[in-house]
Each structure stands twice: as structure tokens, then as C-alpha cells.
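Each chain is listed here by its residues.
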Amino acid sequence: MAYTGDVQVGGPADVHELTDLMISKVAVGPMNNNAYLLRCRSTGEQLLIDAANEPETLLDLIGSDGIGSVVTTHRHGDHWQALAPVVEATGARTYAGRHDAEGIPVATDELVDDGGTVRVGDVELTARHLVGHTPGSIALVYDDPHGHPHLFTGDCLFPGGVGNTHDDPEAFASLLNDVETKLFERLPDETWVYPGHGGDTTLGNERPHLAEWRERGW
């Protein structure tokens, strides 16, 4: 079946099969968080984005091959509830944005800066530092050489707007500016967006609404 990105807590993962990478999306926990398991098709190495909740669910998804690394997109607690048990069970290295790592209660092995890279087997992901939802949120870009880019945005970009900035005008302006300049200005409309909660979207679906978001202020 074709990938849709529509997943439910307690339900099965949805798998997006690309030429070099398999992306498995699962929803976990009381806040309907998305976790993404990336598997390099040539080496079998795996990486998890956001060990958000339900460690048993995530470890079952990971399977016997284990994972080499876990990336936490930002410091908010709903995105790392399962991080400690997953790391303990797998021995995975941990990655997080440099300016959010101090807020994550599991030691970060690799601090990630804007433009930094994270590898899973032969596949390279590029980090984009986005300020506003938290000081050190990161998005990850996989620029698929066989197709369009794939973008994991944490809580910085969703269908219908940017992430929550808690009615702080400066934080909202910062986040929207970063999302515009580092994502929308650099990536094409076909870019598939995988957010931290809920359904997927594309940059093309959201691009026409940027001015509307700026005007409404959230």
C-alpha cells in the first residue's frame, strides 16, 4: 500500500520505501507523538528520530538489528520519554541540537549545529537549527538523490503553521523567519514534511500560507 503518513497510537507503523532509505512512522504516547525509524537499505543501519514514548513499541519497531543512533529534535519532554530505555537497550549514540541538549535528561553524545550532518549507513541527513519553539530545535533534511527531499521538522513545522511559540511575538518571528529562510527558500515544493505530531504535508501545500501565518501571528 502507498505511504500516507496517517498513523494512530496503538496502530501499525506506516512505511515510506525510498530507493536508499526506508522510513517507518509510528505514533506513541498520550500526546500522539510521531517517532521515525530510518533504515539505510544498503547497510541495514538504523536511526531513530525522537524516542518519544512507549519504549516497548519503539524497540519492537527497531527489531533485532538494533539502532546506531537516536536524534532528539528538541528538549520538550514529550519527545524523550522513551530515550533512556531505548538507549539502554540498544547502546545507540545520542544526537541533539547544541542549544537544547542541556534540557534533555539523557547525555547527548553528539551536539548538532546548523548545517551539521548525521549519518545512517550510506545516507546523510543535514540539520537545520530553528529557533523559537525551543532555543535549539533541529530539523533534518534527507536530499534524496533519486527524488525529492524529505524533511523531519519536530515541532517547528506542521500542516497549517509553525510550532507553538506560546504567544511570544519575538519567538514566533524567529521561528517563522528560520522556517522561511532555512526550509522554504532552500527546498522545493515537492519536499515531504514529517512533523512531530499528526499527519504529514509537503512544503508546496504550506508555502501559499506563509504570509497568512505571519499576519495572524501564530
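Residues numbered from 1 in each chain as written. Predicted model: local features only at pLDDT ≥ 70, side-chain atom pairs only at ≥ 80, totals over all residues. Heavy atoms only, no water.

A. Here's a closer look at the layout of surface pockets. Estimates place the volume of the largest pocket at around 190 Å³. Lining the largest pocket are 16 residues, with Val162, Gly163, Asn164, Thr165 and Trp218 positioned closest to its centre. If you list the elements that add at least two residues to the lining of the largest pocket, you get strand S13 (161–162) and helix H3 (169–184). When its residues are assigned to classes, the lining of the largest pocket shows six nonpolar, seven polar and three charged. (1 Å grid on protein atoms, 1.4 Å probe; cavity = no way out; pocket = protein on both sides within 12 Å on 5 of 7 lines; lining within 4 Å. Points joined across faces, edges and corners; volume = space filled by probe spheres on them. Helix = DSSP H or I, 4+ residues; strand = E, 2+ residues; numbered from the N terminus. Nonpolar A, V, L, I, M, F, W, Y, C, P; charged D, E, K, R; others polar.)

B. The arrangement of the sheet that holds strand S14 (residues 192–195) in detail. Across the sheet, six strands lie side by side as S8-S9-S10-S11-S14-S15; this open sheet has mixed pairing. The outermost strands of the open sheet, each flanked by one partner alone, are strand S8 (117–120) and strand S15 (201–202). With four bridges joining them, strand S10 (residues 137–143) and strand S11 (residues 149–154) adopt antiparallel strand pairing. Bridge pairing in S11 links Asp143 to Pro149. (Pairing = 2+ DSSP bridges.)

C. Up close: the side chain of Thr191. Inspection of the secondary structure assignment puts Thr191 in the loop between H3 and S14. A relative accessible area of 0% means that Thr191 is categorised as buried. A polar contact of 2.8 Å, which involves the side chain of Thr191, links it to the backbone oxygen of Pro188. Setting aside residues up to four positions removed in sequence, Thr191 forms contacts with His148, Pro149, His150, Leu151, Thr201, Thr202 and Leu203. (Buried < 20%, exposed > 50% of the residue type's maximum accessible area, 1.4 Å probe, protein only. Polar contact = N/O pair within 3.5 Å; in protein donor to acceptor, adjacent residues only side chain to side chain. Contact = heavy atoms within 4.5 Å.)

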